Amino acid sequence: LHDGEVRRGDRLIQDGDLVIVYESYKQMKAVTVTKNGEFQNRYGLFMHNDWIGKPFGCKVTGKKGGFVHLLAPSPQLWTLVLTHRTQILYIMDISFVLAYLEVRPGCVVIESGTGSGSLTTALARAAAPTGHVYTFDFHEQRAEAARKDFERTGLSSFVTVSVRDIQGEGFPEEFASEVDAVFLDLPQPWLAIPSVAKSLKADSPVCSFSPCMEQVQRTCEALTTTQFRDLRTFEVLLRSYEVHEECFGTDLGLDSSNNESESAILSESSPPHKRLCSGNAEVIDSGEDRSQLSAKDNLIAKGSKKSRRRGEQLPGYVVARPEAEAKGHTGYLTFARRAV
Ligand code: SAM
């Protein structure tokens, strides 16, 4: 959508709405729209008044001609923009947890600790509108900050945040055999397992997230000596690939008759570089990633340059390479089911 073109059924941005201002997939910010408010970024100054009445998803232009997109908040986007008060769970782990805990509308879920509320947001969204998430953290300020975030994201009626030492006291008695799923992200989760067993309905699942195998082992011991079965531990690893369209020079730049020196070629400013995005939209890279290319990539680029100089139009190929900064281990997810 360009500059606020409205279609039937579109949700329009209003004063007080939370929007995710999207510059690129690596640069997003949560902004609450206010009458006469301003948003400033490297593309210039944007007036909130120009956003009010436009549909979510639209592209808006700032005073200097730069643009951003205004996205409707979702748990996935919230995880990327929230304020980190602790380590958080990311989308790969979160989606796995939601699927294996079978969280769906109507579920009652209990969780500890709340931390920055990254997982809680996704749990609440999955359990709404008829279910509820009760989340516990022993850190008062963190609990209060999470409450404010749930107000901001519009989820506060589906989440209750309480201050409690779950490792010391366990979950409250009122949950006994009432709960559909439990999630633990605690330093010593095994201490909470007896209370998890009491809280869960028969045959319902628990998941515990731990960064190291020693904690997993202790949690598994506690699960097997309590009333749990079907223990499974997973590690979810994320590997992102950059997908580009590249023109391959026929000689891959190895033609010895061409005596341009490698340094002369490398010192040229990098050409803009076409990148394919979803929906086949094309964007031009700034070229800053060029410094991270491998020797082979440089040879390919070199071949393309020489061919361009010869005026040849080479076919483009879609190529993929793993991102230099691949996200590795975050933790282990241990699932189990309370015996019937
Ligand atoms: N899963 C959260 C997320 O995605 O944002 C992050 C949880 S954070 C890593 C762990 C939290 O557990 C911290 O906020 C900490 O205060 C809380 N915590 C640690 N020990 C606790 C205990 N005994 N009872 C309750 N909360 C505890």
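Residues numbered from 1 in each chain as written. Predicted model: local features only at pLDDT ≥ 70, side-chain atom pairs only at ≥ 80, totals over all residues. Heavy atoms only, no water.

## Section: the overall build of the protein chain
Along its length, the protein chain carries nine helices and 17 strands. Out of the 340 residues belonging to the protein chain, those deemed buried represent 43%. Contacts in the protein chain between residues at least 24 apart in sequence constitute 67% of all its contacts with a sequence separation of at least 6. Accessible surface, the protein chain as shown: approximately 18300 Å² in total, 50% of it carbon and sulfur. (Helix = DSSP H or I, 4+ residues; strand = E, 2+ residues; numbered from the N terminus. Buried < 20%, exposed > 50% of the residue type's maximum accessible area, 1.4 Å probe, protein only. Contact = heavy atoms within 4.5 Å. Areas by Shrake-Rupley, 256 points an atom, 1.4 Å probe, with all protein chains shown as cover.)

## Considerations on the sheet that holds strand β6 (residues 67–71)
Across the sheet, four strands lie side by side as β2-β1-β6-β5; this open sheet has antiparallel pairing. Unpaired on one side and paired on the other, β2 (27–32) and β5 (59–61) mark the two borders of the sheet. If you compare each strand with its neighbour and ignore which way they point, the axes differ by 35° on average. Of the pairings in the sheet, the one linking strand β1 (residues 18–24) to β2 comprises six bridges and is antiparallel in character. In the strand pairing of β2, isoleucine 20 is matched with alanine 30. (Pairing = 2+ DSSP bridges. Axes fitted to C-alpha atoms, helices over the stretch in contact; angles between N-to-C directions.)

## Focus on the layout of surface pockets
There is about 620 Å³ of room inside the second largest pocket. In terms of lining residues, the second largest pocket is bounded by 32 residues, among which Thr86, Gln87, Asp185, Leu186 and Pro187 are the most central. Residue classes in the lining of the second largest pocket are distributed as twelve nonpolar, 14 polar and six charged. (1 Å grid on protein atoms, 1.4 Å probe; cavity = no way out; pocket = protein on both sides within 12 Å on 5 of 7 lines; lining within 4 Å. Points joined across faces, edges and corners; volume = space filled by probe spheres on them. Nonpolar A, V, L, I, M, F, W, Y, C, P; charged D, E, K, R; others polar.)

## Looking at the sheet that holds strand β7 (residues 108–112)
Across the sheet, seven strands lie side by side as β9-β8-β7-β10-β11-β17-β12; this open sheet has mixed pairing. In this open sheet, the two edge strands, each paired with only one partner strand, are β9 (159–163) and β12 (228–235). Taken over all neighbouring pairs, the strand axes of this sheet differ in orientation by 15° on average, direction set aside. Strand direction decides the pairing type here: strand β11 (residues 205–210) and strand β17 (residues 332–338), joined by six bridges, are antiparallel. Within β17, the position partnered with serine 210 by the bridge is tyrosine 332. Sitting on the sheet, helix α2 (residues 91–100) is in contact with β10 (181–184), β11, β12 and β17, with an inclination near 10° to β17. Relative to the sheet, helix α3 (residues 118–127) contacts β7, β8 (132–137), β9 and β10, its axis offset from that of β8 by approximately 160°.

## What to know about the side chain of glutamate 111
Here glutamate 111 is to be found in strand β7. In this structure glutamate 111 is buried but unpaired, with arginine 85 as the nearest side chain of opposite charge at 11 Å. A distance of 2.8 Å separates polar atoms of two side chains, one belonging to glutamate 111 and the other to threonine 120. Those residues in contact with glutamate 111 that sit more than four places away from it in its chain are Leu119, Thr120, Leu123, Tyr134, Thr135, Phe136, Phe171 and Phe183. (Lys, Arg positive; Asp, Glu negative; His and termini not counted. Salt bridge = Lys/Arg side-chain N within 4 Å of Asp/Glu carboxyl O. Polar contact = N/O pair within 3.5 Å; in protein donor to acceptor, adjacent residues only side chain to side chain.)

## Some details on the nonpolar core
Ranked by internal contacts, the top residues of the largest apolar core, which has 31 residues, are Val97, Leu101, Val103, Phe183 and Leu333. Secondary-structure elements contributing two or more residues to this core are α2, α3, α4 (140–152), β9, β10, β11 and β17. Top element by residues in this core is α3. It accounts for six residues. Val179, Leu186, Val196 and Phe228 belong to the second largest nonpolar core, which has 20 residues in total. (Core = buried A, V, L, I, M, F, W, Y, C linked by side-chain atoms within 4.5 Å.)

## A word on the packing of α2 against α3
Pairs of packed helices are described in terms of their axes, by the angle between the two and the distance that separates them. The interhelical angle for the contact between α2 and α3, taken along N-to-C directions, is 40°, at an axis separation of 10 Å. Comparing the axis directions of α2 and α3 gives the class oblique. Relative to α3, α2 is oriented so that their crossing is right-handed. From α2, Ile94, Val97 and Leu98 reach across to α3, where they touch Ser118, Leu119, Ala122, Leu123 and Ala126. Tallied by class, residues from the contact of α2 with α3 come to seven nonpolar, one polar and no charged. (Parallel < 35°, antiparallel > 145°, perpendicular 65-115°, else oblique. Left-handed = near helix turned anticlockwise from the far one by under 90°.)

## Digging into the pattern of salt bridges
Any two side chains of opposite charge can pair, on the condition that their charged atoms come close. According to the stated counting rule, one finds ten salt bridges in the structure shown. Across the salt bridge formed by arginine 147 and glutamate 144, the nearest N and O atoms sit 2.6 Å from each other. Here glutamate 144 and arginine 147 lie together in helix α4, a separation of three residues that amounts to about one turn. A relative accessible area of 34% places glutamate 144 in the partly exposed class. Salt-bridge contacts for glutamate 169 lead to arginine 164; the nearest nitrogen and oxygen are separated by 3.8 Å. For arginine 164, a relative accessible area of 21% translates into the label partly exposed. Connected through shared salt-bridge partners, Asp203, Arg229 and Asp230 make up one network.

## Quick look at the packing of aromatic side chains
Summed over all chains, the structure comprises twelve aromatic pairs. Both rings, one in tyrosine 100 and one in phenylalanine 335, keep their centres 5.1 Å apart while their planes meet at 45°; by these two values the pair is tilted. Of the two residues, tyrosine 100 sits in helix α2 while phenylalanine 335 sits in strand β17, which places them 235 residues apart along the sequence. Classification of tyrosine 100 by relative accessible area gives partly exposed; the value is 33%. In this structure phenylalanine 335 comes out as buried when scored by relative accessible area, which is 5%. Relative to phenylalanine 175, the ring of phenylalanine 136 lies with its centre 6.1 Å away and its plane at 90°, an arrangement referred to as edge-to-face. Taken as a pair, phenylalanine 136 in strand β8 and phenylalanine 175 in the loop between α5 (166–169) and β10 lie far apart in primary sequence, 39 residues in all. On the basis of relative accessibility, which here comes to 6%, the residue phenylalanine 175 falls in the buried class. Put simply, the rings of Phe96, Tyr100, Phe234 and Phe335 pair up and form one aromatic cluster. The ring of phenylalanine 67 carries the charged tip of lysine 59 above its face, separated from the ring centre by 4.1 Å. (Phe/Tyr/Trp six-rings, centres within 6.5 Å; stacked < 30°, edge-to-face > 60°. Lys NZ or Arg CZ within 6 Å of the ring centre and 35° of its normal.)

It is worth stressing that arrangement in space is one thing and function is another; only the former is reported here.
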